[in-house]
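Overview (structure and organization)
Read off the chains here:
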Amino acid sequence: MDLKTMTYLVVGATFALYIGIAFWARAGSTGEFYAAGRGIHPVANGMATAADWMSAASFISMAGLIAFQGYEGAKFLMGWTGGYVLLALLLAPYLRKFGKFTVPEFIGDRFYSNMARFVAIICLIVISVTYVIGQMRGVGVAFSRFLEVDVATGLFTGMGIVFLYAVLGGMKGITYTQIAQYCVLITAYTIPAIFISMNLTGTPLPQLGLIGNYQPEGIPLMQKINQTIMDLGFKQYDGPVRSQLDMTLYTLSLMIGTAGLPHVIIRFFTVPKVSDARWSAGWALVFIALLYTVAPAVGAMARLNVTTTIWPNGVQEAPIEYAAVPQWFKTWEKTGLLKFEDKNNDGKIQFYNDKSDAMTTLAGERGWEGNELVKFDRDIMVLANPEIAGLPNWVIALVAAGGLAAALSTAAGLLLAISSSISHDLLKGILMPNITEGTELLAARISMAGAIAVAGYFGLNPPGFAAQVVALAFGLAASSIFPALMMGIFSKRINSHGAILGMIAGIGVTLAYIFAYKGMFFIKGTGLFPASTPEYWIMGVSPEAFGAIGALVNFVVAYFVSMATAPPPKEIQDLVESIRVPRGAGAATEH
Amino acid sequence: MENDSGKNYWAANIRLVTVLLCIWAFVSYGMGILLRPALEGIKVGGVDLGFWMAQQGSIYVFIILIFVYAVMMNGLDRQYNVDEE
């Protein structure tokens, strides 16, 4: 069977499964629509959380990001997993005990203020919309690359599928679909990784392959990678980092941001008990780690594989003739992710770092006229993996289905966070408190459909901020939502003034720092600095790393404002007391 | 929960969380980033310890921390009679 038919078959089968789940898991009440009736087993919720969390970026782009950054790429690995420790220890069990449906709802109730709730709604929507555009884009791109349909058709197909299970089933439909999507994506990710690890290091476990020996030469894999890429003028793979301060703050911002992302937090509202929320966070991280500990191996090995494909005998010998490149090179050239330009017309691919002085000398001696692999997209590292390893067509088809599963599962979680904040917080909570449950459920479905339409529109016409997911979404979540939630639980003294001003100050400094480098509202040329590069960053701290500072500002402002104003009323202090103990979590559900 | 037992439960919780978060910070920011130059000679297979902690080890420790927290907190819930049963 040819690859295209096989891909249609595998992707079609997974879609049929998701649609089946949509009809089986319909939501009959707001409790089911927002929180899956709080009946999800902690292990199942862990799996759903893993799919909810791991996006198109985690699946397609992260390994490539690490491949190019080497050691420093660890900021994504630690940042996007360490946040679960904060979530488990500081937020999830207490928010589950609180027993409501949304993140703004907790902030509004705890800080007895619709203003606080409103600020939280705005943050939630900006974070989730930024994030969901990337997923929609990922769906369109996966379709166009693997199934050779145009991006718009792919996008509409993806929207249609999400529409079915998210509008019909709400959180209930999304949860069961996410469990299925996790199984698809983790299989698709690990199978090629196991084969590549076997080929290079002789061990099937990529985690061990990364620290193992490069089989053909019997030297450590890391040493082989360093030799190979440093010969071409690239920096050492496991070399020291530019700025330890920036890497620390970057990692911390991702961790705090992860713990403050509403679409992840609401997953913990679906388990029956407080103790289940604790277990469930652990299981979520186990399932996430299955991909996150494989990704650095995939990145390192793919970097070596691609480089040695072009330089089969090292830099001392000639590189590969363009006419002799393997089929995968040609396949991915067609998609524009790889591009070869024969600058010196010798028919060979001189791929090296032409910005390195040592290489300039060598290039002069050997008649090279610059790096000829002019485009080398990081996404290749995962997408072309099965072909590089020479795996059968069904594995390539599975990678297509896995990329789609990763994008769809995250999109659905984000869309639920957006629609519930509109129907439950904005409509029922602030604008029309007297609507019945039936009306609210209808409103929830309509806002879900609306959110899908908006996400689809932006997916087709991505605005400037869509590419800034890391800076914007994680910066906002870290500087506003996480501190507000944490203080709401761990302090009885923080009052509404403190919380509101703290959030506004946190968001304010974070956005100011991001906009100063990336342009006001991401419009090119309106920033305070000519470029977002290390020589302009204050103390070398990048805009993506600033969320942690924003969080600190939030904490400090909230503390001093609260101390200068009256403490929260007695019933709020009692509320804090009650969410700190697990007993009575069942009763809190029946509100 | 305005009684001694309630205060002790919360204090025990804070102690546990503090200890676990110190470990959390030490393995990631400590061994993975700031102390990496100091750990340079120590190898885990073919990579140095700091590199391994940053790209592998810290994630395993994070998992252990959450499960330790779940076990210990569920124990505290029973000990102070605030569990959900």
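Residues numbered from 1 in each chain as written. Chains lettered and ligands numbered in written order. Predicted model: local features only at pLDDT ≥ 70, side-chain atom pairs only at ≥ 80, totals over all residues. Heavy atoms only, no water.

Turning our attention to the confidence of the model for chain B. Averaged over chain B, the pLDDT score is 93; the fraction of residues at 70 or greater is 98%. Helix α2 (residues 49–79) of chain B holds the highest mean pLDDT among the elements of chain B, 97, whereas strand β1 (residues 43–44) of chain B holds the lowest, 92. (pLDDT = per-residue confidence, 0-100. Helix = DSSP H or I, 4+ residues; strand = E, 2+ residues; numbered from the N terminus.)

This part is about the interface of chain B and chain A. Each partner contributes to the interface: chain B provides 46 residues, whereas chain A provides 55 residues. Here chain B packs against chain A, burying approximately 4,400 Å² in sum over the two surfaces, 67% of which is carbon and sulfur. At the boundary of chain B with chain A, the tally comes to two salt bridges. One salt bridge connects Asp83(B) with Arg583(A), and the closest N-O pair in it is separated by 3.0 Å. Secondary-structure elements contributing two or more residues to the side of chain B that touches chain A are α1 (4–34), β2 (47–48) and α2 of chain B. Residue contributions to the side of chain B that touches chain A peak at 19 residues, all from α2(B). Broken down by class, the residue content of the side of chain B that touches chain A amounts to 28 nonpolar, 11 polar and seven charged. (Contact = heavy atoms within 4.5 Å. Buried area = accessible area lost by both parts, 1.4 Å probe. Salt bridge = Lys/Arg side-chain N within 4 Å of Asp/Glu carboxyl O. Nonpolar A, V, L, I, M, F, W, Y, C, P; charged D, E, K, R; others polar.)

All names here are of chain A. If you look at the biggest cluster of nonpolar residues, it comprises 237 residues, and the most contacted ones within it are Trp53, Phe59, Leu91, Ile107 and Tyr292. In terms of residue count, the dominant contributor to this core is helix α8 (residues 151–201) (21 residues). Per-domain counts for this core show at least three residues from each of domain 1 (3–256 + 264–289 + 390–464) and domain 2 (302–388). In this structure Leu91 touches Leu86, Ala259, Ile265, Phe482, Leu485, Met486 and Ile489, once residues within four positions along its chain are discounted. (Core = buried A, V, L, I, M, F, W, Y, C linked by side-chain atoms within 4.5 Å. Buried < 20%, exposed > 50% of the residue type's maximum accessible area, 1.4 Å probe, protein only. Domains from an automatic or database assignment.)

Another aspect to go through is the packing of aromatic side chains. Each aromatic ring pair is described using two quantities: the centre-to-centre distance and the angle formed by the ring planes. Residues and elements named next belong to chain A. All chains considered together, the criterion is met by 38 aromatic pairs over all chains. With a centroid separation of 5.4 Å and an interplanar angle of 65°, the aromatic rings of Phe59 and Tyr189 are classed as edge-to-face. Taken as a pair, Phe59 in helix α4 (residues 56–69) and Tyr189 in helix α8 lie far apart in primary sequence, 130 residues in all. For the pair Phe59 and Tyr189, a shared accessibility class is recorded, and that class is buried. Note on Phe76 and Tyr250: the rings are 5.7 Å apart at their centroids and 80° apart in plane angle, and the pair reads as edge-to-face. Here Tyr250 lies in helix α11 (residues 244–259) and Phe76 lies in helix α5 (residues 74–98), a separation of 174 residues in the sequence. With respect to burial, Phe76 and Tyr250 carry one shared label: buried. By the ring-pair criterion, three or more aromatic residues cluster together here, those being Trp53, Phe76, Trp80, Tyr84, Tyr131, Tyr250 and Phe474. (Phe/Tyr/Trp six-rings, centres within 6.5 Å; stacked < 30°, edge-to-face > 60°.)

With that settled, consider the packing of helix α3 (residues 42–53) of chain A against α8(A). Helix packing for two helices is described by the angle between their axes and how far apart those axes are. Residue and element names in this part refer to chain A. It is at 8 Å that the axes of α3 and α8 come closest, and there the two elements cross at 70°. As far as their axial angle goes, α8 and α3 are roughly perpendicular. Note on element contacts: α8 touches α3 through Thr175, Gln178, Ile179, Tyr182, Cys183 and Leu185, opposite Ala44, Met47, Ala48, Ala50, Ala51 and Asp52. For the contact of α3 with α8, the residue count by class is nine nonpolar, two polar and one charged. (Axes fitted to C-alpha atoms, helices over the stretch in contact; angles between N-to-C directions. Parallel < 35°, antiparallel > 145°, perpendicular 65-115°, else oblique.)

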